[in-house]
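Spelled out from the first residue to the last, the chains are:
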Amino acid sequence: MTELRFDDYVVVVTGAGGGLGRAHALTFGSRGAKVVVNDLGGGFNGDGSPKRSMADEVVKEIQKAGGTAVADYNNVIDGDNIIATAVEHFGTVHILVNNAGILRDVSFRNMKDKDWDLLQQVHMSGTFKTSRAAWPLMQKQRFGRIVNTASGAGTYGNFGQTNYCAAKAAIIGFTFALAEEGAQYNINANVLTPIAASRLTQTVMAPDLLAKLDPGFVAPIVPVLAHKTSTDTGRLFELGGGCITRFRWERSQGIEISAYANPLELLENWQNISDFSKPRYVRPVTSIVDSSTLPSAEKTANGLCEGKVAVVV
Ligand code: NAI
């Protein structure tokens, strides 16, 4: 095999008129996929009149290179319409890349309802709407790949971006839940926290840094996760500028306590509660059980709280 191919696969990329979305659309277009290039074409902050030319230009690029693509100009808030475009032109959707996004940076004290609401709508509701519309198609064909776009702002927090951080963190939890629900239907869901030069980052990063952040450093992972051979699901990847890593949560050493323990007991042990010197790594939560019933390997993995009612991970 010399490259991952997507012949006969229908791919929807939202916000594909520029930046990362364009890179994703071109990547799939050059590998045989039928691509729906969605872009509303508004301003970077969600204001400004929609422009069809953004999606049109990328469609032209794909077609010129011999690929197949159609433009879609819907707002992701009306995500059902984007999936309807895929069905109308290509009959279904196999791969959904939720990428559209805007920024409305402002310090928390000065954040207006619109700054908050619009961010949640475009990022979170947009991701929800397209995914929900694609889901029954994916379930029926017993194949689906969803790649969502979060941000380091969602994993670390960032000044002036409470709206964006909240929306992006929500997308991570949403993706993990989709992965749980999709498993029995061969629907994989993964999430990226990328960094790349784009219209969005031009507003917050210096030109010398942007010069090192070609979106082409982010694009190659999406076909890997979207391919029929991929078994990765419920995973978060942090990438950009020539480096790709997986990202996961870790637990501190922690302590055991009794119900309604004296809070002072916690304070006295605060160092242990916060001790990450021997981190414990977690897998997705599967159930809450009496851990005394667990096989010993699981008990060891849980370590602390053996014999207690514990979340099994
Ligand atoms: P970009 O501004 O170049 O691309 C976003 C695209 O989404 C634009 O073409 C825009 O017209 C489109 N869009 C915006 N609102 C839309 C809506 N309601 N419906 C349909 N299309 C809409 O920015 P970039 O950087 O390529 O962003 C892509 C995604 O990556 C976004 O979700 C962003 O939050 C995320 N991201 C980007 C980072 C970076 O370093 N560039 C860092 C972390 C996350």
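Draft legend 1. Geometry of the overall build of the protein. Counting its regular elements, the protein contains 11 helices and 12 strands. Considering only C-alpha atoms, the protein reaches an extent of 65 × 45 × 35 Å along its principal axes. For the protein, the proportion of its 313 residues judged to be buried stands at 38%. Taking contacts inside the protein between residues at least 6 apart in sequence as the whole, the part at least 24 apart equals 66%.

Draft legend 2. Fine view of the nonpolar core. Ranked by size, the top nonpolar core spans 71 residues in total, and within it Val11, Val12, Ala25, Val35 and Val37 carry the most contacts. Setting aside residues up to four positions removed in sequence, valine 35 forms contacts with Val11, Val13, Ala25, Phe28, Gly29, Ile62, Gly67, Thr68 and Ala69.

Draft legend 3. Representation of the environment of aspartate 80 within the structure. Structurally, aspartate 80 is set in helix α3 (residues 79-90). A count of 12 C-beta atoms within 10 Å places aspartate 80 in the exposed class. The sequence separation of aspartate 80 and alanine 134 amounts to 54 residues, and the corresponding C-alpha distance is 8.0 Å. Residues in contact with aspartate 80, not counting those within four places in the same chain, are Lys129 and Ala133.

Draft legend 4. How the structure looks around the pairing of strand β1 (residues 10-13). Of the two faces of β1, the one holding Val10 and Val12 and the one holding Val11 and Val13 are both buried throughout. In this sheet, strand β2 (residues 34-38) lies alongside β1 in parallel orientation, the contact comprising 4 bridges. When the sheet's bridge partners are listed, valine 12 is paired in β2 with valine 36. Chirality of the crossover, the property in question, places the unit of β1, helix α1 (residues 19-29) and β2 among those that are right-handed. As paired elements, β1 and strand β4 (residues 95-98) share 3 bridges and run parallel to each other.

Draft legend 5. Structural view of the pairing of strand β8 (residues 243-247). In terms of burial, β8 is largely open, as just 0 of its 5 residues are buried. What sits between strand β7 (residues 236-240) and β8 in their antiparallel hairpin is a turn of 2 residues, with glycine 241 showing a positive phi close to 60°.

Draft legend 6. The sheet that holds β2, seen in detail. An order of β3-β2-β1-β4-β5-β6-β7-β8 is seen for the 8 strands of this open sheet, with the pairing classed as mixed. In this open sheet, the two strands that pair with only one neighbour each are β3 (68-72) and β8. Strand-to-strand twist in this sheet, taken as the mean axis angle between neighbours without regard to direction, amounts to 20°. Running over the sheet, helix α2 (residues 53-64) touches β2 and β3 and is turned about 175° from β3.

Draft legend 7. Fine view of the packing of α3 against helix α4 (residues 113-141). Between α3 and α4, whose axes approach to 7 Å, the crossing angle comes to 40°. Looking at the two axes, α3 sits oblique to α4. The handedness of the crossing between α3 and α4 is right-handed. The segment α3 lies against α4, with Gly79, Asp80, Ile82 and Ile83 engaging Gly126, Lys129, Thr130, Ala133 and Ala134. Partitioning the contact of α3 with α4 into residue classes produces 4 nonpolar, 3 polar and 2 charged.

Draft legend 8. Structural detail: the site of the ligand. The full set close to the ligand counts 32 residues, and Gly15, Gly19, Gly101, Ser151 and Ser198 are the nearest of them. Mapped by element, the contributors of at least two residues to the shell around the ligand are α1 and α4. Looking at which element gives the most residues to the shell around the ligand, the answer is α1, with 3 residues. Taken together, the residues of the shell around the ligand sort by class into 13 nonpolar, 17 polar and 2 charged.

Draft legend 9. Looking closely at unusual backbone geometry. The phi dihedral of arginine 142 is positive, around 50°, even though this residue is not glycine. Structurally, arginine 142 is set in the loop between α4 and β5 (144-149). The exposure class assigned to arginine 142 is exposed, which follows from the 10 C-beta atoms found within 10 Å. Unlike most non-glycine residues, asparagine 186 shows phi in positive territory, near 60°. Along the polypeptide, asparagine 186 turns up in the loop between α6 (162-182) and β6 (187-194). Looking at asparagine 186, the number of C-beta atoms within 10 Å reads 16, which means it is partly exposed.

Draft legend 10. How the structure looks around the environment of arginine 199. Here arginine 199 lies in the loop between β6 and α7 (207-210). Spatially, the C-alpha atoms of arginine 199 and valine 122 are 16 Å apart, while their sequence positions differ by 77 residues. With residues near it in sequence (within four places) discarded, arginine 199 still touches Gly18, Gly19 and Phe44.

Each value, and the rule that gives it
Residues numbered from 1 in each chain as written. Predicted model: local features only at pLDDT ≥ 70, side-chain atom pairs only at ≥ 80, totals over all residues. Helix = DSSP H or I, 4+ residues; strand = E, 2+ residues; numbered from the N terminus. Buried ≥ 20, exposed ≤ 12 C-beta atoms within 10 Å, placed from the backbone. Contact = placed C-beta atoms within 7 Å. Core = buried A, V, L, I, M, F, W, Y, C linked by C-beta atoms within 7 Å. Pairing = 2+ DSSP bridges. Right-handed = clockwise from strand over helix to strand, strands pointing away. Axes fitted to C-alpha atoms, helices over the stretch in contact; angles between N-to-C directions. Parallel < 35°, antiparallel > 145°, perpendicular 65-115°, else oblique. Left-handed = near helix turned anticlockwise from the far one by under 90°. Nonpolar A, V, L, I, M, F, W, Y, C, P; charged D, E, K, R; others polar. Near = placed C-beta within 6 Å.

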